[in-house]
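Observations on the three-dimensional arrangement
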Amino acid sequence: MKSKSLVGFFMVFLFILSCKDEPVIPKPKAKMRLEYPQGKLADLETENFSFKYNQLAEAEPNGDQAYTISYPEMKGAIFLNYKKVDGNLSQLIHDSKRLSYEHAAKADNIVEQPYVNPNEKVYGALFEVQGNAASQSQFFVTDSTEHFLTGSVYFYSRPNYDSILPAASYLQNDIRSIIETLRWKNK
C-alpha cells in the first residue's frame, strides 16, 4: 500500500508540473525582406543630355526622345521623356506637376522635393507618391532655357504600396542618381 500511495503521489506531482499554463504570446507576423544589390553606374548618352544610371537596369530608347530604364527583377521601370523648351517652360512645369498630382486620389501623401544645381544648370523636383497610386515617383528637371526632362516610375503589377515599397525606394534612389549626374548638351 505504501508503494501504491508513493506511485499515486508521484503521478499527481507530475500532473501538477505538466499542467502549468504558459502565457500565449502571439508571434510577430513574418515580413519578407527584399534587398536589391547596389549596381555600378553606367552612362546613357543622348543628343540632348547624359546621365549615369544603375547598370543592373536595361536602358533603351522608347520612341522619339523617350527612354525606358527597365528593372526586370523588380518588374518595374523608369520612363523618361525629353522635350525642347520653346517659350513654354511654365506650361511644361505645370503639366508635369499636374501629372504628379493626378495620383492624389489614390495616394496617401505626395512629397515634393525641389532640386537645384546651379553649376550644371539643373533645376527641378522629385515627387514621392506614398500609397496605392499607379506611379510611386515622378520628377522633372530643366535648364530653364532649352531642355526639359520628365520621368515616372511604374511597376508591372497592381499597386500595393506595402509590397512594392522596397523596390519603390530603390528606384527613387536611382532617380536621385540620374538627377544628380544629369548634364545638358548645348548645341
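For helix α2 (residues 89-101), built from 13 residues, the straight-helix expectation of 18 Å at 1.5 Å per residue is met to within 8% by its first-to-last C-alpha distance of 18 Å. Along α2, the residues that are buried comprise L89, L92, S96 and S100. An end-on view of α2 places all buried positions within 70 degrees of arc, on one side of the element. Buried positions along α2 lie against β5 (76-84), β6 (107-117), β7 (122-131), β8 (135-142) and β9 (147-155).

With that settled, the discussion passes to the sheet that holds strand β3 (residues 58-61). Sheet architecture is open: seven strands sit in the order β3-β4-β5-β9-β8-β7-β6, paired in antiparallel fashion. Looking at which strands have only one partner, the edges of the open sheet turn out to be β3 and β6. Taking the axes of each pair of neighbouring strands and ignoring which way they run, one obtains an average angle of 15 degrees across the sheet. Inspection of the sheet shows β7 paired to β8 by six bridges, in the antiparallel sense. Opposite F127, over in β8, you have Q138 as the bridge partner. Lying on the sheet, α2 is in contact with β5, β6, β7, β8 and β9; it crosses β8 at an angle near 170 degrees. Together, β4 (66-71), β5, β6, β7, β8 and β9 form the strand contacts of helix α3 (residues 161-181), whose direction differs from that of β8 by roughly 10 degrees.

Calculation notes
- Residues numbered from 1 in each chain as written.
- Predicted model: local features only at pLDDT ≥ 70, side-chain atom pairs only at ≥ 80, totals over all residues.
- Heavy atoms only, no water.
- Helix = DSSP H or I, 4+ residues; strand = E, 2+ residues; numbered from the N terminus.
- Expected span 1.5 Å × (residues − 1).
- Buried < 20%, exposed > 50% of the residue type's maximum accessible area, 1.4 Å probe, protein only.
- Arc of directions from axis to C-beta.
- Contact = heavy atoms within 4.5 Å.
- Pairing = 2+ DSSP bridges.
- Axes fitted to C-alpha atoms, helices over the stretch in contact; angles between N-to-C directions.

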